[in-house]
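Structure at a glance
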Amino acid sequence: MAQELSEKDLLRMEVEQLKKEVKNSRAPISQTGKEIKDYAEAQAGNDPLLKGIPEDKNPFREKGTCMIS
Amino acid sequence: MCDQTFLVNVFGSCDKCFKQRALRPVFKKSQQLSYCSTCAEIMATDGLHENETLASLKSEAESLKGKLEEERAKLHDVELHQVAERVEALGQFVMKTRRTLKGHGNKVLCMDWCKDKRRIVSSSQDGKVIVWDSFTTNKEHAVTMPCTWVMACAYAPSGCAIACGGLDNKCSVYPLTFDKNENMAAKKKSVAMHTNYLSACSFTNSDMQILTASGDGTCALWDVESGQLLQSFHGHGADVLCLDLAPSETGNTFVSGGCDKKAMVWDMRSGQCVQAFETHESDINSVRYYPSGDAFASGSDDATCRLYDLRADREVAIYSKESIIFGASSVDFSLSGRLLFAGYNDYTINVWDVLKGSRVSILFGHENRVSTLRVSPDGTAFCSGSWDHTLRVWA
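Quantities reported herein were computed from a predicted structural model and do not represent experimental measurements.

**Comments concerning the sheet that holds strand S23 (residues 305-309) of chain B**
Residue and element names in this part refer to chain B. Reading across the sheet, the four strands line up as S21-S22-S23-S24 and stay open at both edges, with antiparallel pairing between neighbours. Only two strands of the sheet have a single neighbouring strand rather than two, namely strand S21 (284-289) and strand S24 (314-319). Here the strands of the sheet are splayed against their neighbours by 25° on average, with no regard to which way each runs.

Here is the structure:
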């Protein structure tokens, strides 16, 4: 699709887009990075792959043989 | 329940370029014409910039890019791993293959989990799309597509249908039926039509809309029932290879990655690109949102995975090692976002500590490239698909 426009039209669209992007609001990494870290820490307790699941509760545990007691 | 209304576009021949596109009304000297979105945008900027030359536009673009980098650099006051310095380091991980799904006759190209956390749909170069029960490894459905290289497949949120496509340039939806007398292929519905291969597809939060990415350089949003194009997304300079929808709580955006090395974040309603990132050195094969929606990860042929922070508007981490020289084909986060699983063309899966930037584990097992990887909806396992014709479920 991009190949059907002239180089001038493509550049014009790129300039318009860049003008918009320059105006985006941004926050410092000390703040946003902390929020990313806080999220992961808060959710850590619910993350089965992170903390591991006991074999008997793991739906993908090894398929065992039947045992008759 | 569909809580969004979209302007239903008239589809037809554009009055300026005569191509078959979704059209909108424009007024030129009080006469109403129908232009496609591209011609409409050009017309909007036409009258304002008559004295521009190619050279002046190029230099304006360069200076704007410089300004953008400057603004982004101002927020780069600290690195992510420094913010995470006091976070407890992760211990040893023991993850192994719990199930191997065998049945495809050729390379597995894509897979997706059902919301029931046990069913999986996978698609292959052999033209087959299979639905598996990952607990039992039984195949529940299989359909043969009219094309080879089915590069994309997705499960509908209801679990009642799947979508797939590839070299046929389309995305088709198949309702899943358990009636043994019904032929799945008979109920096939063609939804999306691109002018090049379909590389990725995803249902939105309902069975009624599908988002697609294509080798034609665009992404598009479609109404499943009518096949109508609801919105198209132009901006990538080359094939789009991947997309991911933002977690539903964070609003109507999605991210796409392409062969132009760019990752772009889009507003689904307006069709506008909101933010773009160009730090990878090669094709971006996979993009995935961080679970909170505030960031996304990417995997690329440049052998790195990266994390982009949407609110700082920049790349904040690179996951790489000198010993990793093959491209990363697919990435996904664990439930909390602490772990990033990445499948590579060197047949391995690397597990990264997202916050600290270090690798915590390397998983061997596949006998050819890992082409696709997704964590299950409840985070208890992840599934990888490979060019070795198999899928593996790891936990």
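**A short note on the pairing of strand S6 (residues 119-124) of chain B**
All names here are of chain B. In terms of burial, S6 is largely enclosed, as five of its six residues are buried. Where strand S5 (residues 108-113) lies against S6, five bridges are found, and the strand directions are antiparallel. Bridging from a neighbouring strand, Met-111 pairs with Ser-122 of S6. Where S5 hands over to S6, the hairpin turn is made up of five residues, of which Lys-117 adopts a positive phi near 65°. Two elements, S6 and strand S7 (residues 128-133), share five bridges in a ladder whose sense is antiparallel. Counterpart to Arg-119 in the pairing with S7 is Asp-133.

**A short note on the UniProt feature "repeat: WD" (unreviewed entry) in chain B**
All names here are of chain B. Residues annotated in UniProt with the feature "repeat: WD" (unreviewed entry) correspond here to residues 101-133, 191-232, 233-276, 277-318, 330-362 and 363-395. Helix makes up 0% of residues 101-133 and strand 58%, whereas the separation of the span's terminal C-alpha atoms amounts to 9 Å. Secondary structure within residues 330-362 divides into 0% helix and 58% strand; the distance between the first and last C-alpha atoms comes to 15 Å.

**Topic: the nonpolar core**
One finds B:Cys305, B:Leu307, B:Tyr319 and B:Leu340 to be the most contacted residues of the largest nonpolar core, which totals 28 residues. Broken down by secondary-structure element, the contributors of at least two residues to this core are helix H2 (29-43) of chain A together with helix H3 (80-83), strand S22 (295-300), S23, S24, strand S25 (328-333) and strand S26 (339-344) of chain B. The residues contacting B:Leu340, other than those within four sequence positions of it, are B:Ala297, B:Cys305, B:Tyr319, B:Val331, B:Asp332, B:Phe333, B:Asn350, B:Val351, B:Trp352 and B:Val354. Counting residues in each nonpolar core, the second largest holds 18 residues, with B:Ala152, B:Cys171, B:Val191 and B:Cys201 among its members.

**Concerning the packing of aromatic side chains**
Using the criterion set out here, one finds 14 aromatic pairs over all chains in the structure. Seen from their ring centres, A:Phe60 and B:Trp113 are 6.3 Å apart, and the 75° between their planes marks the pair as edge-to-face. With A:Phe60 in the segment after helix H3 (48-51) and B:Trp113 in strand S5, this pair bridges two chains. Considered together, A:Phe60 and B:Trp113 belong to a single accessibility category, that of buried residues. Ring geometry for B:Tyr290 against B:Phe333: centres 5.4 Å apart, planes inclined by 85°, an arrangement best described as edge-to-face. Here B:Phe333 lies in strand S25 and B:Tyr290 lies in the loop between S21 and S22, a separation of 43 residues in the sequence. Summarising the burial analysis for this pair, B:Tyr290 and B:Phe333 share the class buried. The rings of B:Phe277, B:Tyr289, B:Phe296 and B:Tyr308 are connected pair by pair, giving a single aromatic cluster. In this structure, B:Lys107 packs its charged tip against the face of B:Trp387, placed 4.9 Å from the ring centre.

**Some remarks on the interface of chain B and chain A**
Contacts between the two partners involve 78 residues from chain B and, on the opposite side, 51 residues from chain A. Contact between chain B and chain A buries roughly 5,500 Å² in total, counting both sides, with carbon and sulfur atoms accounting for 64%. The tally of links from chain B across to chain A stands at five salt bridges. The closest approach of N and O atoms between A:Glu7 and B:Lys58, which form a salt bridge, is 3.3 Å. Our count for the chain B to chain A interface comes out at 17 residue pairs in polar contact (both at pLDDT 80 or more). Residue composition of the side of chain B that touches chain A, by class: 35 nonpolar, 20 polar and 23 charged.

About the criteria used
- Residues numbered from 1 in each chain as written.
- Chains lettered and ligands numbered in written order.
- Predicted model: local features only at pLDDT ≥ 70, side-chain atom pairs only at ≥ 80, totals over all residues.
- Heavy atoms only, no water.
- Pairing = 2+ DSSP bridges.
- Helix = DSSP H or I, 4+ residues; strand = E, 2+ residues; numbered from the N terminus.
- Axes fitted to C-alpha atoms, helices over the stretch in contact; angles between N-to-C directions.
- Buried < 20%, exposed > 50% of the residue type's maximum accessible area, 1.4 Å probe, protein only.
- UniProt positions renumbered as here; feature names shortened; annotations may be inferred.
- Core = buried A, V, L, I, M, F, W, Y, C linked by side-chain atoms within 4.5 Å.
- Contact = heavy atoms within 4.5 Å.
- Phe/Tyr/Trp six-rings, centres within 6.5 Å; stacked < 30°, edge-to-face > 60°.
- Lys NZ or Arg CZ within 6 Å of the ring centre and 35° of its normal.
- Buried area = accessible area lost by both parts, 1.4 Å probe.
- Salt bridge = Lys/Arg side-chain N within 4 Å of Asp/Glu carboxyl O.
- Polar contact = N/O pair within 3.5 Å; in protein donor to acceptor, adjacent residues only side chain to side chain.
- Nonpolar A, V, L, I, M, F, W, Y, C, P; charged D, E, K, R; others polar.

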